[in-house]
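Summary of structural features
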Amino acid sequence: MAKGITKRSEDYAKWYTDVIFAAQLADYAPVRGCMVIRPNGYAIWEKMQQALDRLFKETGHMNAYFPLFIPESFMKKEAEHVEGFAPECAVVTHGGGKKLEEPLYVRPTSETIIWSMYKNWIQSYRDLPILINQWANVVRWEMRTRLFLRTTEFLWQEGHTAHATAEEAEAETRQMLDVYRHFAETYMAMPVIAGVKTEKEKFAGAVRTYCIEAMMQDRRALQAGTSHNLGQNFAKAFDVTYQTEGGTREYVWATSWGVSTRLIGALIMTHSDDQGLVVPPKLAPLQTVFVPIWHGDDERARSLERADALTSDWKGKLSFKIDERENYRPGWKFNEWEKRGVPIRIEMGPKDLEKDVVVLVRRDTGEKREVPQSQLLDVVLQTLDAIQQSLYDRALKYREEYTFYEDDYDSFKKKIDDPGGFFWIHWCGDRACEDRLQDETKATIRAIPLDKIEEEGRCLLCGNASHERVLAAKAY
RNA sequence: CGGGGCAUAGCGCAGUCCGGUGAGCGCACCUGCUUUGGGAGCAGGGGGUCGCAGGUUCAAAUCCUGCUGCCCCGACCA
């Protein structure tokens with residue numbers, strides 16, 4: 001079974017790419033570090049986009065589009081920002097056969113070009129807030145790439161908002177983090193820890209970075225989304241001020257937030273198994289596949305006719321497909337749809353036709369059950385909900401099983417390698433201890449949780465006083 | 001950028017050490033027949049500038065020189 005997919009227990013990294021190829025989500029492109037997102041993979045991204053886009057609009061945002069190219073001088077206006085991003089940027093030096101007067105950076109993120117425009121759009125407190133989102137591609141010249149998790153070019157959305165007050169900007173930052181948390185948990189069935197990044201880990205140019213962190217099946221952490229409170233840093237860099245109700249001039253407060261096609265990698269590594277992809281029903285491009293089984297032409301006609309009749313009122317209620325291909329046998333089809341992660345498979349052969357039943361198979365558990373044809377739609381809809389819930393529960397249980405409270409550094413060093421996982425540790429807040437942790441264990445402080453774990457303790461590294469626990473893990 | 005590996009049909013590989021037999025094997029693909037409840041069987045068929053550029057030789061996938069690309073492991077990162 002599952003020919004061509006390496007077992008997770010043998011080689012997790014190999015398993016990950018095997019699943020991607022088996023489900024035809026993506027392919028390597030002829031350009032180093034770049035990937036082609038194939039229709040099966042892009043369909044998942046589209047489902048994610050639909051859900052997120054709706055959530056953004058419900059919270060008052062509108063979509064817009066800004067240029068791919070950013071003048072070098074813009075990149076250099078915010079000191080931390082340029083330091084963080086310039087080394088990993090692609091730069092265009094020639095156009096139309098001529099050397100450009102000023103090099104153009106291919107956007108690694110759009111704060112600078114967007115704030116150069118906000119400067120023109122904002123004069124008065126009446127112009128605020130500006131709540132814009134952009135769906136775009138960005139380029140970061142990473143040294144090492146992995147399909148979906150880190151590619152030279154990737155797709156994402158980036159929200160960029162402008163506010164009159166610090167409080168409003170902070171509220172927006174937190175609101176969007178919450179949107180991400182909701183999306184991860186409800187749609188991706190992926191439990192996450194929401195928290196604040198340390199100074200070392202925060203976004204280049206931000207005052208504060210919030211994030212959601214998820215545990216993958218190899219017990220490493222994956223940052224699944226970020227929301228930044230940018231303070232007045234970009235407003236100052238681009239001289240964006242507004243006139244208050246009282247007539248004074250103030251710098252504008254900013255936020256930015258984003259999730260990327262990395263979420264597809266997160267989805268794979270949260271739910272999929274040694275048989276291939278597993279997609280939660282809410283993000284599955286195809287939720288149910290119907291595989292009629294027949295011997296001979298008469299039976300084939302009868303089978304297909306019944307399948308059509310049974311699904312006649314399904315349109316608009318769920319996405320489904322009747323696999324009527326003649327050139328593949330049922331076993332081949334079962335395997336094919338399993339690899340592709342379709343949540344429910346319905347088998348209906350001559351024996352079932354006689355009894356007016358079908359066999360319904362769950363992708364997540366492999367469980368098979370006979371279902372009377374008269375109840376099929378109800379059972380399918382219920383089962384889709386049950387799968388969605390059960391995937392979340394399973395992922396949460398797994399995370400909890402590998403989440404530890406750890407106060408002994410030697411013990412930590414052992415456990416971070418085997419079995420690995422999430423570690424709630426005490427940390428004094430000092431950068432030196434954070435650096436040492438990473439140097440000595442490869443683990444990093446992923447987040448200071450929003451659901452605070454307040455208790456007195458001693459820093460795992462230096463032994464100084466600590467008042468709350470932080471999340472440490474090895475990360476992607 | 002450091003370390004390792006690979007480049008021969010769409011994919012995965014053998015052949016290279018030791019130059020010479022008609023460039024082969026599995027999967028995939030095409031045609032036909034039989035099949036169809038967990039990756040079907042038989043028969044026939046198509047598909048290759050052996051990564052690129054030089055060199056040695058009567059003769060190069062194979063030997064020599066140079067180049068290029070990709071993958072994996074580390075440091076950087078969504």
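Anything mentioned here points back to the structure above.
The rules we used
Residues numbered from 1 in each chain as written. Chains lettered and ligands numbered in written order. Predicted model: local features only at pLDDT ≥ 70, side-chain atom pairs only at ≥ 80, totals over all residues. Heavy atoms only, no water. Helix = DSSP H or I, 4+ residues; strand = E, 2+ residues; numbered from the N terminus. Buried < 20%, exposed > 50% of the residue type's maximum accessible area, 1.4 Å probe, protein only. Contact = heavy atoms within 4.5 Å. Areas by Shrake-Rupley, 256 points an atom, 1.4 Å probe, with all protein chains shown as cover. Lys, Arg positive; Asp, Glu negative; His and termini not counted. Charge placed at Lys NZ, Arg CZ, Asp CG, Glu CD. Near = heavy atom within 4 Å. Polar contact = N/O pair within 3.5 Å; in protein donor to acceptor, adjacent residues only side chain to side chain. Pairing = 2+ DSSP bridges. Axes fitted to C-alpha atoms, helices over the stretch in contact; angles between N-to-C directions. Core = buried A, V, L, I, M, F, W, Y, C linked by side-chain atoms within 4.5 Å. Parallel < 35°, antiparallel > 145°, perpendicular 65-115°, else oblique. Left-handed = near helix turned anticlockwise from the far one by under 90°. Nonpolar A, V, L, I, M, F, W, Y, C, P; charged D, E, K, R; others polar. Phe/Tyr/Trp six-rings, centres within 6.5 Å; stacked < 30°, edge-to-face > 60°. Lys NZ or Arg CZ within 6 Å of the ring centre and 35° of its normal.

Things to note about the overall build of chain A
Along its length, chain A carries 14 helices and 24 strands. With the C-alpha coordinates aligned to their principal axes, the bounding extent of chain A is approximately 80 × 55 × 50 Å. Of all 476 residues assigned to chain A, the portion counted as buried reaches 56%. Long-range contacts, defined as pairs at least 24 residues apart, comprise 69% of the intrachain contacts of chain A with a sequence gap of at least 6. Total accessible area on chain A stands at roughly 21,600 Å², and carbon and sulfur atoms take up 48% of it. Within chain A, the 73 negative side-chain charges are centred at a point lying 3 Å from the centre of the 64 positive side-chain charges.

Describing unusual backbone geometry
Note the cis peptide between leucine 128 and proline 129, where omega equals -5 degrees. If you trace the backbone, proline 129 turns up in the loop between α5 (111-121) and β7 (130-139). Following aspartate 418, the chain continues into proline 419 via a peptide bond in cis, with omega recorded as 10 degrees. Relative to the helices and strands, proline 419 is located in the loop between α13 (409-417) and β21 (422-426). The phi dihedral of arginine 219 falls on the positive side, at around 70 degrees, and the residue is not glycine. You will see that aspartate 356, though not glycine, has its phi angle at about 55 degrees, which is positive.

Some details on the environment of lysine 99
Within the element layout of this structure, lysine 99 appears in strand β6 (residues 98-106). In this structure lysine 99 comes out as exposed when scored by relative accessible area, which is 65%. Aside from chain neighbours lying at most four places away, what touches lysine 99 is Thr93 and His94.

Let's talk about the protein's contact with RNA strand B
Near RNA strand B you find 39 residues, and of these Arg144, Arg150, Arg262, Asn335 and Asp352 are the closest. Restricting attention to atoms of RNA strand B within 4 Å of the protein, one finds that 45% of them are sugar or phosphate atoms. Between RNA strand B and glutamine 223 there is a distance of 2.8 Å, counted from a sugar or linking oxygen to a side-chain nitrogen or oxygen. Lysine 442 places a polar side-chain atom, nitrogen or oxygen, 3.1 Å from a phosphate oxygen of RNA strand B.

Structural notes on the sheet that holds strand β16 (residues 320-322)
Ordered in space as β16-β15-β17-β18-β19, the five strands form an open sheet in which the pairing is mixed. The strands lining the two open edges of the sheet, one partner per strand, are β16 and β19 (368-372). For this sheet, the mean inter-axis angle between neighbouring strands, taken without regard to orientation, is 25 degrees. Packing of helix α9 (residues 296-310) onto the sheet brings it into contact with β15 (288-292), β16, β17 (344-348) and β18 (357-362), and relative to β15 it is tilted by some 155 degrees. Along the sheet, helix α12 (residues 376-401) makes contact with β15, β17, β18 and β19, crossing β18 at roughly 10 degrees.

Quick word on the sheet that holds strand β5 (residues 91-95)
With antiparallel pairing, three strands are arranged side by side in an open sheet as β4-β6-β5. If you trace the sheet from one side to the other, it starts and ends with β4 (69-71) and β5, each paired once. Strand after strand, the sheet turns through a mean of 50 degrees between neighbouring axes, direction not considered. Across three bridges, β4 lies against β6 in antiparallel orientation.

Some remarks on the nonpolar core
Of all hydrophobic cores here, the largest spans 80 residues; its most connected members are Met48, Phe148, Phe183, Ile268 and Phe412. Ignoring anything within four residues of it in the chain, the contact list for phenylalanine 183 reads Met48, Ala51, Leu52, Leu55, Met188, Leu263 and Leu283.

Quick word on the packing of helix α1 (residues 12-22) against helix α8 (residues 262-271)
How two helices sit against one another is set out by the angle between their axes and by the gap between those axes. Where α1 contacts α8, the two axes come as close as 11 Å, and the packing angle between them is 115 degrees. Between α1 and α8, the angle is such that the two are roughly perpendicular. Here α1 runs over α8; the crossing is right-handed. Note on element contacts: α8 touches α1 through Gly265, Ile268 and Met269, opposite Tyr12, Trp15, Tyr16, Val19 and Ile20. A per-class count over the contact of α1 with α8 returns seven nonpolar, one polar and no charged.

Structural notes on the environment of glutamine 375
Along the chain, glutamine 375 turns up in the loop between β19 and α12. Sequence-wise, glutamine 375 and methionine 215 are 160 residues apart; in three dimensions their C-alpha atoms are separated by 38 Å.

Concerning the pairing of strand β10 (residues 208-215)
Within β10, seven of the eight residues are buried, leaving the element largely enclosed by the surrounding structure. In this structure, strand β9 (residues 193-196) lies alongside β10, joined through four bridges in antiparallel fashion. The residue of β10 that forms the bridge with alanine 194 is isoleucine 212. Here β10 runs beside strand β11 (residues 221-231); their pairing, made up of eight bridges, is antiparallel. Counted as the bridge partner of tyrosine 210 is serine 227 from β11. The turn joining β10 and β11, which pair antiparallel and follow one another in sequence, is formed by five residues; a positive phi near 70 degrees is taken by arginine 219.

Comments concerning the packing of aromatic side chains
Taken as a whole and judged by the stated rule, the model has 20 aromatic pairs. On the basis of an interplanar angle of 85 degrees and a centroid distance of 5.9 Å, the ring pair of phenylalanine 154 and tryptophan 156 is categorised as edge-to-face. The two residues phenylalanine 154 and tryptophan 156 agree in class, both being buried. Here the aromatic rings of phenylalanine 412 and phenylalanine 423 are separated by 5.0 Å at their centres, their planes lie at 75 degrees, and the arrangement is edge-to-face. Here phenylalanine 423 lies in strand β21 and phenylalanine 412 lies in helix α13, a separation of 11 residues in the sequence. Per residue, the accessibility class of phenylalanine 412 equals that of phenylalanine 423, and both read buried. Each residue in the set Trp45, Phe56, Trp135, Tyr180 and Trp257 is aromatic and connected to the rest through ring pairs, giving one cluster. Taking NZ or CZ as reference, arginine 219 lies 4.8 Å from the ring centre of tyrosine 402, over its face. Positioned over the ring face of phenylalanine 334 is arginine 345, at 4.2 Å from the centre of the ring.

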